[in-house]
Amino acid sequence: MTIRVLIADDQAMVRAGFAALLNAQSDIDVVGDAADGRQALEVSGRTHPDVVLMDVRMPEMDGLEAARRLLDPPPGVVHRPRVLMLTTFDVDDYVYEALRAGASGFLLKDAPPADLIAAVRVVAAGDALLAPSVTRRLIADFARHRPAPRRDPRLRLNGLTPRETEVLELIARGLSNQEIAAHLVLAEQTVKTHIGRILAKLDLRDRAQAVVLAYESGLVQPGAQ
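As a starting point, this report considers the structure included with it. (Residues numbered from 1 in each chain as written. Predicted model: local features only at pLDDT ≥ 70, side-chain atom pairs only at ≥ 80, totals over all residues. Heavy atoms only, no water.)

Some remarks on helix α7 (residues 162-172)
Logical step 1: Within the span of α7, buried status applies to E164, V167, L168, L170, I171 and A172.
Logical step 2: Residues of α7 that are buried in the fold lie against α8 (177-184), α9 (188-202) and α10 (207-216).
Logical step 3: At the C-terminal side of α7, G174 shows a positive phi close to 90°. (Buried < 20%, exposed > 50% of the residue type's maximum accessible area, 1.4 Å probe, protein only. Helix = DSSP H or I, 4+ residues; strand = E, 2+ residues; numbered from the N terminus. Contact = heavy atoms within 4.5 Å.)

Dropping the structure here:
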């Protein structure tokens, strides 16, 4: 199946470069591009992409607000693409809010071409781009400095079994399914089953939202190993 991609970035050369790279892949088709968040919403509504590469800082409407609107559409709008935020180290304070809004992860804009291609495929498959250690450090930092509203997210974890709670903690610490399986001495398929149940019980879309909830609930403490 071909992955339909929309590229939203205010720099024309960035859009053109990403489009050329992605269109060269047999399983990826760039169906549109946008120079700002508002345009991204319009183009997404027409083209129904599977994945939106969303720059954080853009005129008219920034990528964070555009991501919020794409991932929480008004009544009657069924299509919800996966959103992969494009960022640089100097705008990372937006990343945590993007993950809370439902973005599937983020990619540094100066990442190698192979990383961009892989990221699109990972996000399109329904996973979250949360493996790099830099991502774990960033999320921990935002959980420390940008606390969630005063609701008690820990209450949401009460429905989890002890094993599911343990798996959620390891997800939040950035371990892959394979690493979790080795750590808990379980089959990898068993880990996948636990993760599926965690997402269903907590009404979460993917691993990205699971990581955010783990930090907001206090299950994982920022900076802890």
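Don't stop here, the text continues.
Considering the pattern of salt bridges
Logical step 1: All chains considered together, the criterion is met by nine salt bridges.
Logical step 2: K201 is the salt-bridge partner of E164, the closest N and O atoms lying 2.8 Å from each other. Of this pair, E164 sits in helix α7 while K201 sits in helix α9, and the two are 37 residues apart along the sequence.
Logical step 3: Taken together, the salt bridges that share partners define one network made up of D9, D55 and K109. (Salt bridge = Lys/Arg side-chain N within 4 Å of Asp/Glu carboxyl O.)

Things to note about the sheet that holds strand β2 (residues 28-34)
Logical step 1: Ordered in space as β2-β1-β3-β4-β5, the five strands form an open sheet in which the pairing is parallel. This sheet does not close on itself; its edge strands, each paired only once, are β2 and β5 (106-108). Across the sheet, the mean angle from the axis of one strand to that of its neighbour is 25°, orientation sign disregarded.
Logical step 2: As defined by bridge partners, strand β4 (residues 82-87) adjoins β5 across three bridges and the pair is classed as parallel. (Pairing = 2+ DSSP bridges. Axes fitted to C-alpha atoms, helices over the stretch in contact; angles between N-to-C directions.)

Looking at the nonpolar core
Logical step 1: Formed by 23 residues in total, the largest nonpolar core has its most connected members in L157, L168 and L202.
Logical step 2: Among the elements of the structure, α7, α8, α9 and α10 are those that each provide at least two residues to this core.
Logical step 3: Among residues more than four places away in sequence, those in contact with L168 are L157, L160, I198, L202, A210, A214 and L219.
Logical step 4: Formed by 21 residues, the second largest nonpolar core is a distinct cluster that contains L6, A34, A40 and A103. (Core = buried A, V, L, I, M, F, W, Y, C linked by side-chain atoms within 4.5 Å.)

So yeah, pure geometry; function would need other evidence.
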